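Read off the chains here:
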Amino acid sequence: MARRPAQAADAAQGLLAGLEAGIASEALRAWAPQGWAVASDWRPLVDAFWCSSAGQGLAQFVSGRLASGAVVYPAQPLRALELTALHQVRVVILGQDPYHGPGQAQGLAFSVAEGLPPPPSLRNILRERARDLGPAAGPGPRSLRPWAEQGVLLLNTVLTVEQGRPASHADRGWEALTNSILKAVMDRPQPAVFMAWGALAQAQLASLPERHLLLSANHPSPLSAQRPPRPFIGCGHFSAANAWLSAQGQGPISW
């Protein structure tokens, strides 16, 4: 008997959730960037980075940590560039480094697989989304993949981390790549929204060209989400981004 459409949709959603959970639970097994998928218009930038001194130094560092037995997340460090092509970017959300707990990091800033409890920063993001957009918007996703597929580049500044050691791969080379990614988006004629949550993101986006929209607030971490002068809770960035995108003729994001 053929499945009804609702049953087929539920089955497909369950399969996707299972695949995402598998990606999230896996650590990086080997340094093999040639096997990491990215959208075709990111490829020249990424390949140039691997050939650079910063890319080669990063490869040596991460390979050494893996060889020493370190558990490194996520399994797919460039997943944001796979799901959101350069020409599709409408919004950039800039994070710091991946979640460092088992089964959390997906390669998308702030995102975890569906079915996992949201970490504190994501919990505050979903809280602000609900406050900003109202009850009609629903509870919101824990996996932010649907955002990425609509043109929201969920980019961490540093793309790997060791289990239980936040910022353990900072200043090892990733920043050269992510700065190049940001510059590529900034240099396009197409305007985009940049959400700068926290002082580090704001410093990186200080020279944003005027054709883009910069939305700044504190980091959504519980340590700063409600702290003045720019608390994250109450920032209204989701509705502000949609209003600006619609005015630009790009259409809103389904947050």
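The rules behind the values
- Residues numbered from 1 in each chain as written.
- Predicted model: local features only at pLDDT ≥ 70, side-chain atom pairs only at ≥ 80, totals over all residues.
- Heavy atoms only, no water.
- Salt bridge = Lys/Arg side-chain N within 4 Å of Asp/Glu carboxyl O.
- Helix = DSSP H or I, 4+ residues; strand = E, 2+ residues; numbered from the N terminus.
- Buried < 20%, exposed > 50% of the residue type's maximum accessible area, 1.4 Å probe, protein only.
- Arc of directions from axis to C-beta.
- Contact = heavy atoms within 4.5 Å.
- Axes fitted to C-alpha atoms, helices over the stretch in contact; angles between N-to-C directions.
- Parallel < 35°, antiparallel > 145°, perpendicular 65-115°, else oblique.
- Nonpolar A, V, L, I, M, F, W, Y, C, P; charged D, E, K, R; others polar.
- Core = buried A, V, L, I, M, F, W, Y, C linked by side-chain atoms within 4.5 Å.
- Pairing = 2+ DSSP bridges.

## Quick look at the pattern of salt bridges
Here comes step 1: Scanning the entire structure with this criterion turns up six salt bridges.
Here comes step 2: With its nearest N and O atoms 3.2 Å apart, the salt bridge here joins Arg43 to Asp47. With Arg43 and Asp47 both in helix α2 (residues 43–51), this residue pair falls four residues apart, about one helical turn.
Here comes step 3: The salt bridge involving Asp187 is made with Lys183; its shortest N-O contact spans 2.5 Å. A residue pair is termed a helical-turn pair when its members lie 3 or 4 positions apart in one helix, as Asp187 and Lys183 do in helix α7 (residues 174–187) at four residues.
Here comes step 4: A relative accessible area of 46% means that Asp187 is categorised as partly exposed.
Here comes step 5: One continuous salt-bridge network, built from bridges that share partners, spans Arg65, Glu162 and Arg165.

## Let's talk about α2
Here comes step 1: Those residues of α2 that sit buried are Val46, Phe49 and Trp50. Projection of α2 onto a plane perpendicular to its axis shows the buried side chains occupying an angular sector of 100 degrees, all on one side. Opposite the buried face of α2, by more than 90 degrees, sit the exposed residues Pro44 and Cys51.
Here comes step 2: Those residues of α2 that are buried are in contact with α3 (53–67), α4 (79–83) and α7.

## Considerations on the packing of α2 against α3
Here comes step 1: Direction vectors running N to C along α2 and α3 enclose 70 degrees, while the axes themselves pass 4 Å from each other. On the basis of their axis angle, the class for α2 and α3 is roughly perpendicular. Between α2 and α3, the residues in contact are Phe49, Trp50 and Cys51 and Ser53, Ala54, Gly55, Gln56 and Leu58, respectively.
Here comes step 2: In the contact of α2 with α3, the residues fall into five nonpolar, three polar and no charged.

## Focus on the nonpolar core
Here comes step 1: By size, the foremost hydrophobic cluster in this structure holds 72 residues, and its most contacted members are Trp42, Leu78, Ile93, Leu153, Trp174 and Trp255.
Here comes step 2: Ranked by residues supplied to this core, first place goes to α7 with seven residues.
Here comes step 3: Look past the residues within four positions of Trp255 in its chain and what remains in contact with it is Val91, Ile93, Arg129, Leu133, Pro141, Trp147, Val152, Met195, Phe238, Ala241 and Asn242.

## Here's the deal with the pairing of strand β2 (residues 91–95)
Here comes step 1: Counted residue by residue, β2 has five buried out of five residues, so it is predominantly covered.
Here comes step 2: Going residue by residue along β2, you find Val91, Ile93 and Gly95 tucked away on one face and Val92 and Leu94 tucked away on the opposite face as well.
Here comes step 3: In this structure, β2 lies alongside strand β3 (residues 152–156), joined through five bridges in parallel fashion. Paired with Gly95 across the bridge in β3 is Asn156.
Here comes step 4: For β2 and strand β5 (residues 193–197), the ladder comprises four bridges, and the chain directions are parallel. In the strand pairing of β5, Ile93 is matched with Met195.

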